[in-house]
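Understanding the architecture of this molecule
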Amino acid sequence: MTTHTIPGELFLLLTNDAGRQDSTSYRTQALAAAAIAELALRERIALTEERSPKVQVLSTEPTDLPVLDQALGALAELEGKSLKSAIGHRMMNLTEVIGEGYAAVGAVQRKDGWFTTTWPTHDDELETALRARLAAAVEDPSRASLQDGLLLEILRALGIAHRILKDDLPGLSRRELDQRIEALEIDSPAATAVKRVVDDMTAALAAATVVTTVSST
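Reading the values: rules and limits
Residues numbered from 1 in each chain as written. Predicted model: local features only at pLDDT ≥ 70, side-chain atom pairs only at ≥ 80, totals over all residues. Heavy atoms only, no water. Helix = DSSP H or I, 4+ residues; strand = E, 2+ residues; numbered from the N terminus. Contact = heavy atoms within 4.5 Å. pLDDT = per-residue confidence, 0-100. Salt bridge = Lys/Arg side-chain N within 4 Å of Asp/Glu carboxyl O. Buried < 20%, exposed > 50% of the residue type's maximum accessible area, 1.4 Å probe, protein only. Axes fitted to C-alpha atoms, helices over the stretch in contact; angles between N-to-C directions. Parallel < 35°, antiparallel > 145°, perpendicular 65-115°, else oblique. Nonpolar A, V, L, I, M, F, W, Y, C, P; charged D, E, K, R; others polar. Expected span 1.5 Å × (residues − 1). Phe/Tyr/Trp six-rings, centres within 6.5 Å; stacked < 30°, edge-to-face > 60°.

What follows is about the side chain of Asp178. Position of Asp178 among the secondary structure elements: in helix 9 (residues 174-182). Among all residues touching Asp178, those that are not within four sequence positions of it are Arg156 and Ala161.

Spelled out as structure tokens, the structure:
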């Protein structure tokens, strides 16, 4: 299911009740970055050690998760591109596949307009549970999963963690929330390796947000 992937959950956080992107103009790039992080976690891809890392596909074995398999197929065609280019490439636009996944389980509805498609909320149960889980991870780091840590780090890297979660964590300022996210220590054998991937990924994502055109180089 798309619904419990990292990019799927990020979609919920970055989409308002009217079905439009919320808190950032770079939802597409953020979803691509989240998919790359999860594929790295699943050992399907890796990043080179260069200053500007490139994406290497380690395995094209399907994950049986539509959003990740679409991303993996795109990355196989983009292999050798820089991480920044991959995140911004039109082939890594995962909004449609994620939206369709949530529509299939009744969480959102598809609404086609003249120029854009929106995904208005139909049932907010999944997002409510997700927000409660992330708030619990911030308040008690021992409850934080690796997926929680990755989601929170992406929000922090985009500079929108407080904007997204302020109602769920009303006692924390922006600075306090960012500090708590940075201090999260996830107990997982993969945590050290994934930390490097996330650092590179979020640096590339931050760089990608200074441009408004989609890169195809």
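The subject of this paragraph is the confidence of the model for the protein chain. Per-residue confidence for the protein chain averages 87 on the pLDDT scale, and 89% of its residues sit at or above 70. Here helix 10 (residues 191-208) stands out as the least confident element of the protein chain, with mean pLDDT 69; helix 3 (residues 66-77) is the most confident, with 97. Note on residues 212-217: pLDDT under 50 across the span, and 13 contacts to partners over four residues away in sequence or across chains.

The next thing to look at is the pattern of salt bridges. For the structure shown, the criterion picks out 11 salt bridges. In this structure, the salt-bridge partner of Lys54 is Glu50, at a minimum N-O distance of 3.2 Å. The class for Glu50 is partly exposed, based on a relative accessible area of 38%. For the salt bridge of Arg110 with Asp112, the shortest nitrogen-to-oxygen distance reads 2.9 Å. Taking relative accessible area as the criterion, Arg110 reaches 35% and is therefore assigned partly exposed. You can call Asp112 exposed: its relative accessible area is 52%. The network of salt bridges with common partners includes Glu96, Glu100, Arg110 and Asp112.

Looking now at the packing of helix 6 (residues 125-139) against helix 7 (residues 146-157). At a minimum axis separation of 10 Å, helix 6 and helix 7 run at an interaxial angle of 95°. The orientation of helix 6 with respect to helix 7, classified from their angle, is roughly perpendicular. Mapping the contact onto sequence places Leu130, Arg133, Leu134, Ala137 and Val138 in helix 6 and Gln147, Asp148, Leu151 and Leu152 in helix 7. A class-by-class count of the residues in the contact of helix 6 with helix 7 yields 6 nonpolar, 1 polar and 2 charged.

In this section: the environment of Val67. Within the secondary structure layout, Val67 lies in helix 3. Between the C-alpha atom of Val67 and that of Glu100, which follows or precedes it by 33 residues, the distance is 9.9 Å.

The next thing to look at is helix 2 (residues 27-41). Its 15 residues place the ends of helix 2 21 Å apart at the C-alpha level, agreeing with the 21 Å of an ideal helix rising 1.5 Å per residue. Looking one or two residues beyond helix 2, the residue adopting positive phi is Glu43, at roughly 60°.

It is worth spelling out the environment of Ala46 at this point. Take Ala46: it is sitting in strand 1 (residues 45-47). On a C-alpha basis, the gap between Ala46 and Val57 in space is 6.5 Å, while along the polypeptide they are 11 residues apart. The residues contacting Ala46, other than those within four sequence positions of it, are Lys54, Val55, Gln56 and Leu58.

Now for the packing of aromatic side chains. Scanning the model with the defined rule gives 1 aromatic pair in all. Pairing Phe11 with Tyr102 gives two aromatic rings, centres 5.8 Å apart and planes at 20°, and the pair type is stacked. One end of the pair, Phe11, is in helix 1 (residues 6-13); the other, Tyr102, is in helix 5 (residues 95-104), and 91 residues separate them in sequence. Relative accessible area serves as the criterion here: at 0%, Phe11 is assigned to the buried category.

On to unusual backbone geometry. A positive phi angle, near 60°, is found at Glu43, a position not held by glycine. Looking at the secondary structure, you find Glu43 in the loop between helix 2 and strand 1. Assessed through its relative accessible area of 61%, Glu43 is described here as exposed. At Asp64, a residue that is not glycine, the phi angle is positive and equals roughly 65°.

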